[in-house]
Amino acid sequence: MFSTLGIHRRKLLLVFGLAIGGLVGSLIMGDAKQWAEIDWLDVLGEGGTAIALAVWMMLILGSRPAGRVTDLLTLGLGFMFLAMWQDNLDEFIRLPAEQFWDQWLESGAMPVGVMLLTYGLVHWHQEQLSINQQLRKREQLFREHRFIDNLTQLGRVDYLKEQLQGVMTQLPAQKMVLLMVDVDRFAEVNRLHGHREGDALLYELSELMLLNLRQDDLICRYAADRFAVLLPDTGVDKGKSIAAELSRAVQHFAYKHKTSGETLYQTISIGLADWQGEPSDLLIKRANQALANAKSGSGFGEVA
Ligand SMILES: Nc1nc2c(ncn2[C@@H]2O[C@H](COP(=O)(O)OP(=O)(O)OP(=O)(O)O)[C@@H](O)[C@H]2O)c(=O)[nH]1
């Protein structure tokens, strides 16, 4: 708290400087009252309020960054504190009637302080609303984060299922195609070039496929070297042509080995399933089956 108070040094110096100025001014221009003249109940009430206001000010300053809202809150509480402080000094020091500054401090500073504090609180409220909004967004991002694959930064299978479910319940009449894409002989890449090179290849292939898809399509990492592509509002023919485009894009992609610079070429096999109203698990199962057919067909690089 004390390190935060340091940022607000100037404001604190101003408020307490004015309070000390008021004390010195009263001592110079006034006369000390007799002990019997002092109303101790007033001292307790006004002095206690002044101390409470000073403590509130320190607590707010100690927990807030510098800025307009903090300035308003400090000035508001500061003016209120000064009014109470000066009121309390009157209990001990009698000032001549012509010293109107004392009257002004007592009666004028309080409403000004209340207005500034209220204005500051309104802005604080607005500031808090926008902070809450930011926190909600971050929390949402955090909650969604568990769905993201670390290597490719694509959604994982859970995310795919959630999205599939969403389309199926919200748009039950919509056409939709699911592609299951598997990198051919990927184990060989790992074996020949190492796991790290395999990782880099997977990442670049995922980026390449992402670039070759439409705005509303969704690609997820299904497992290992297998990707699932959800094509919303798409029929079988269009799905086949998108699958063929993906296959060609990968086939022509010249991956550069990260240490040797050697060029590696890769193929993918793709299974296609169009949604026929079944639950998401069955659609995924059919797409996997179509992929197995493609792999066992005439070889790799097939679409089935
Ligand atoms: N580098 C890397 N390899 C992975 C990762 N996850 C799984 N693998 C490997 O990916 C390979 C996938 O196995 P398969 O799909 O059976 O291998 P494949 O050679 O592609 O076989 P086909 O699909 O029949 O062509 C295995 O060797 C896994 O160890 C990963 O995150 N990074």
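Look up a bit, the structure's there.
These figures come from a predicted structure and were not determined experimentally.

A.B. asks: What should I look at first to understand unusual backbone geometry in this one?
C.D. replies: Note on backbone geometry: most residues besides glycine have negative phi, and most peptide bonds are trans. The backbone of Q153 sits at a positive phi, close to 65°, despite the residue not being glycine. Note on placement: Q153 falls in the loop between α5 (100–145) and α6 (157–170). Even without being a glycine, R185 presents a positive backbone phi close to 50°. Considering the arrangement of structural elements, one finds R185 in the loop between β3 (176–183) and α7 (186–193). Classification of R185 as partly exposed rests on a relative accessible area of 48%.

A.B. asks: Any chance you could explain the site of the ligand here in plain terms?
C.D. replies: Close contacts around the ligand come from 17 residues, with R185, A187, D199, D225 and K295 the closest. Note that an oxygen atom of the ligand is positioned 2.9 Å from one of the side-chain N or O atoms of D182. Contact between the ligand and N190: a nitrogen atom at 2.9 Å from a side-chain N or O atom of the residue. Here the ligand has 660 Å² of accessible area as a free molecule, and 63% of this is covered by the chains. When contributions to the shell around the ligand are tallied by element, the ones reaching two or more residues are β3, α7 and α8 (195–211). Residue classes in the shell around the ligand are distributed as seven nonpolar, three polar and seven charged.

A.B. asks: Sorry if this is basic, but what is going on with the sheet that holds β3 here?
C.D. replies: Paired through their backbone hydrogen bonds, the strands of a sheet run either parallel or antiparallel. The strand order across the open sheet built from four strands is β4-β5-β3-β8, with neighbouring strands paired in antiparallel fashion. The sheet is open, and its two edges are formed by β4 (218–223) and β8 (268–274), each paired on a single side. Along the sheet, successive strands turn relative to each other by an average axial angle of 25°, direction set aside. Across five bridges, β4 lies against strand β5 (residues 226–232) in antiparallel orientation. Counted as the bridge partner of L218 is L230 from β5. The sheet strands contacting α6 are β3, β4 and β5, and the helix crosses β4 at an angle near 135°.

A.B. asks: Honestly, the pattern of salt bridges in this entry has me stumped. Any pointers?
C.D. replies: Close approach of charged atoms lets side chains of opposite charge pair. Counted by the stated rule, this structure contains nine salt bridges. Taking the shortest distance from any N to any O, the salt bridge between D182 and R226 comes out at 3.0 Å. In this pair, D182 sits in strand β3 while R226 sits in strand β5, placing the two residues 44 residues apart along the sequence. Taking relative accessible area as the criterion, R226 reaches 24% and is therefore assigned partly exposed. Several salt bridges share partner residues, and in doing so they unite D182, D184, R226 and K295 into one network.

A.B. asks: Can you walk me through the environment of V229 in this structure?
C.D. replies: With respect to the helices and strands, the residue V229 is situated in strand β5. Distance in space between the C-alpha atoms of V229 and L210 is 9.5 Å, their sequence separation being 19 residues. The contacts of V229, once residues within four sequence positions are left out, are V177, L178, L179, V181, L213, L218, I219 and L246.

A.B. asks: Is there a simple way to think about the packing of aromatic side chains in this case?
C.D. replies: Two aromatic rings, taken as a pair, are described by how far apart their centres are and by the angle between their planes. What the rule picks out here adds up to six aromatic pairs. Relative to W40, the ring of W35 has its centre 5.3 Å away and its plane inclined at 55°; by these criteria the two rings are tilted. Owing to a relative accessible area of 41%, W40 belongs among the partly exposed residues under this scheme. With centroids separated by 5.8 Å and ring planes inclined at 45°, the aromatic side chains of F147 and Y159 adopt a geometry described as tilted. Pair noted here: F147 is in the loop between α5 and α6 and Y159 is in helix α6, with a separation of twelve residues, a long-range link. Judged by relative accessible area, F147 falls into the buried class, the value being 8%. Aromatic ring contacts, followed pair by pair, group F16, F81 and W85 into a single cluster.

Reading guide: rules and limits
Residues numbered from 1 in each chain as written. Predicted model: local features only at pLDDT ≥ 70, side-chain atom pairs only at ≥ 80, totals over all residues. Heavy atoms only, no water. Helix = DSSP H or I, 4+ residues; strand = E, 2+ residues; numbered from the N terminus. Buried < 20%, exposed > 50% of the residue type's maximum accessible area, 1.4 Å probe, protein only. Near = heavy atom within 4 Å. Polar contact = N/O pair within 3.5 Å; in protein donor to acceptor, adjacent residues only side chain to side chain. Areas by Shrake-Rupley, 256 points an atom, 1.4 Å probe, with all protein chains shown as cover. Nonpolar A, V, L, I, M, F, W, Y, C, P; charged D, E, K, R; others polar. Pairing = 2+ DSSP bridges. Axes fitted to C-alpha atoms, helices over the stretch in contact; angles between N-to-C directions. Contact = heavy atoms within 4.5 Å. Salt bridge = Lys/Arg side-chain N within 4 Å of Asp/Glu carboxyl O. Phe/Tyr/Trp six-rings, centres within 6.5 Å; stacked < 30°, edge-to-face > 60°.

So, to be careful, I would describe these as geometric facts and stop short of saying anything about function.
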